[in-house]
Each structure stands twice: as C-alpha cells, then as structure tokens.
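This is what each chain is made of:
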Amino acid sequence: MQKVSNAMSLQNESISNTENRKKYDRFKKAGIKYIDYKDGNFLLKLLNEQGKILPRRLTGTSLKNQRKVAQAVKRARHLAILPYVGDSLK
Amino acid sequence: MFPNNYETVFILTPVLSDIQMKDAVDKFREVLTNNGAELVHEENLGLRKLAYPIQHKNTGYYQLFEFKAPGTIIEKLNTEYLRDERIIRHLTIALDKHALDYNDRKRKGLVGKKKQTENAESK
C-alpha cells in the first residue's frame, strides 16, 4: 500500500515512526495466545504516553489479538493496574 | 452443572490491619469453598500502588483466587463482594483454554517475566 505522505499525518502526530518498516503481528510471531491483564509492564508497551491503547494501524496486530489487547487493558484499568489517563507513562 | 474455570481478583483497602486483611481473605475463601468451588490457585499480590486513587486511597491489597466452579456461584460471589465494604474493587472472569494454559505455565515458571514470555513461547 503506497505510503501516505508525512504531511498528511501531521495533525495526529504518529507516536512511533513505524511507517516504513514492515508491520507484523507481534503476538502471532511470539506465539502469545493469552494476554494477561495483571501484567502491568507488558501492557504498558501497548499504550501510548497518554495511556491510550495503540491502534492497529501503528502496531500492525491482527483484529483478533487487538481485541484481546483491548480486553486486557480495560480489565487492568478497572483493577487500577493501569491508569485510565496517564501522563508520560513511559 | 459443568464446572467452569474462573479467576477472581479483589482489592482490599489498605487501612485494614493484617488480621482484618487475613480474615477478609479467609471469608472469601469460605464463600468459594462453601458454594462448591474447587480452589485451583491462590495468590496475593500484596500491597501495591494503585494507578489512580480509589476511594481516596493510593494503595491496595490485591488478592487473587483461581477456582473451578459451576456458574451459579458467581452471582453469590458478586453480591458478597458488593456487600463487604473492605473490598474497594473486584473483578471475576471466566478463563478460556488459552488463559488456563498460560496460568499453568506461569505457575511452572515457564513464563518468566513478560519479556521472556515472548521468546520463551516462540520456541
């Protein structure tokens, strides 16, 4: 898919500049079938600075795994393992 | 009733003394075992800092029970949680086969830190 020019995506500055590298589903690659909602520091890798879940277009995860990620993150937020709105989480 | 696998986590307010915390945990263990649940695994993640204040408190005592039980028990468990004011947050989920497999491997130590999980599981 032809890469959209950077000027277009200026307004929502992409968090990590991963446009050019081939995106892959890290969960399928690592063979992870279950994303544990109790594991805070693993889930932190799936959030951006404000504590929002990283979208699929940036991380390249499959829809099935993205739903598991979202489910785990929301459970972790409920249990106060992850903040709903964080400031500079990283 | 076909027993399903469940995992329940709850957070106790930190203002409790150790004894109160212990008997709160025991009370919920009784609630489970009396209603025909078979406790598979029990873990307390201890006093941890909360990501955001709950009821104006910044730390909480996390307790986890993994158990096998018929579905009817979950409603009782939840009302018990809501009734007990020492519990500030609770969550009960059903475990699918991947979750069960993950929990078993975690107990066997195969799943080290999450980072290792990535390469540990990609063998």
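Quick note: structure is the one above.
Residues numbered from 1 in each chain as written. Chains lettered and ligands numbered in written order. Predicted model: local features only at pLDDT ≥ 70, side-chain atom pairs only at ≥ 80, totals over all residues. Heavy atoms only, no water.

J.: Help me understand the environment of Pro-55 of chain A in this model?
T.: Along the polypeptide, Pro-55 of chain A turns up in the loop between α2 (40-44) and α3 (56-59). Looking at Pro-55 of chain A, the relative accessible area reads 26%, which means it is partly exposed. (Helix = DSSP H or I, 4+ residues; strand = E, 2+ residues; numbered from the N terminus. Buried < 20%, exposed > 50% of the residue type's maximum accessible area, 1.4 Å probe, protein only.)

J.: What should I look at first to understand the interface of chain A and chain B in this one?
T.: How big an interface is tends to be stated in terms of the accessible area lost upon association of its parts. The interface is formed by 22 residues belonging to chain A together with 25 residues belonging to chain B. Counting the surface lost from both chain A and chain B, the interface buries some 2,100 Å², and carbon and sulfur atoms represent 61% of this. Three residues stand out in chain A for area buried against chain B, namely Tyr-34, Lys-38 and Leu-79 of chain A, and they jointly supply 28% of the buried area on that side. Here Lys-38 of chain A makes a salt bridge to Glu-7 of chain B, at a shortest N to O gap of 3.3 Å. In this structure, the connection of chain A to chain B is made through ten residue pairs in polar contact (both at pLDDT 80 or more). Secondary structure elements with two or more residues in the side of chain A that touches chain B: α1 (26-30) and α4 (63-78) of chain A. (Contact = heavy atoms within 4.5 Å. Buried area = accessible area lost by both parts, 1.4 Å probe. Salt bridge = Lys/Arg side-chain N within 4 Å of Asp/Glu carboxyl O. Polar contact = N/O pair within 3.5 Å; in protein donor to acceptor, adjacent residues only side chain to side chain.)

J.: Could you clarify how one ought to interpret the environment of His-56 of chain B in this entry?
T.: When you line up the elements, His-56 of chain B lands in the loop between β2 (38-54) and β3 (57-69). In this structure the C-alpha to C-alpha distance between His-56 of chain B and Asp-23 of chain B, which are 33 residues apart in sequence, comes to 23 Å.

J.: Can you help me understand unusual backbone geometry in this one?
T.: Peptide bonds are trans in most cases, and residues, glycine excluded, mostly fall at negative phi. Its identity is not glycine, yet Ala-80 of chain A carries a phi of approximately 60°, on the positive side. Although it is not a glycine, Gln-55 of chain B adopts a positive phi angle of roughly 50°. With respect to the helices and strands, Gln-55 of chain B occurs in the loop between β2 and β3. Classification of Gln-55 of chain B as partly exposed rests on a relative accessible area of 45%.

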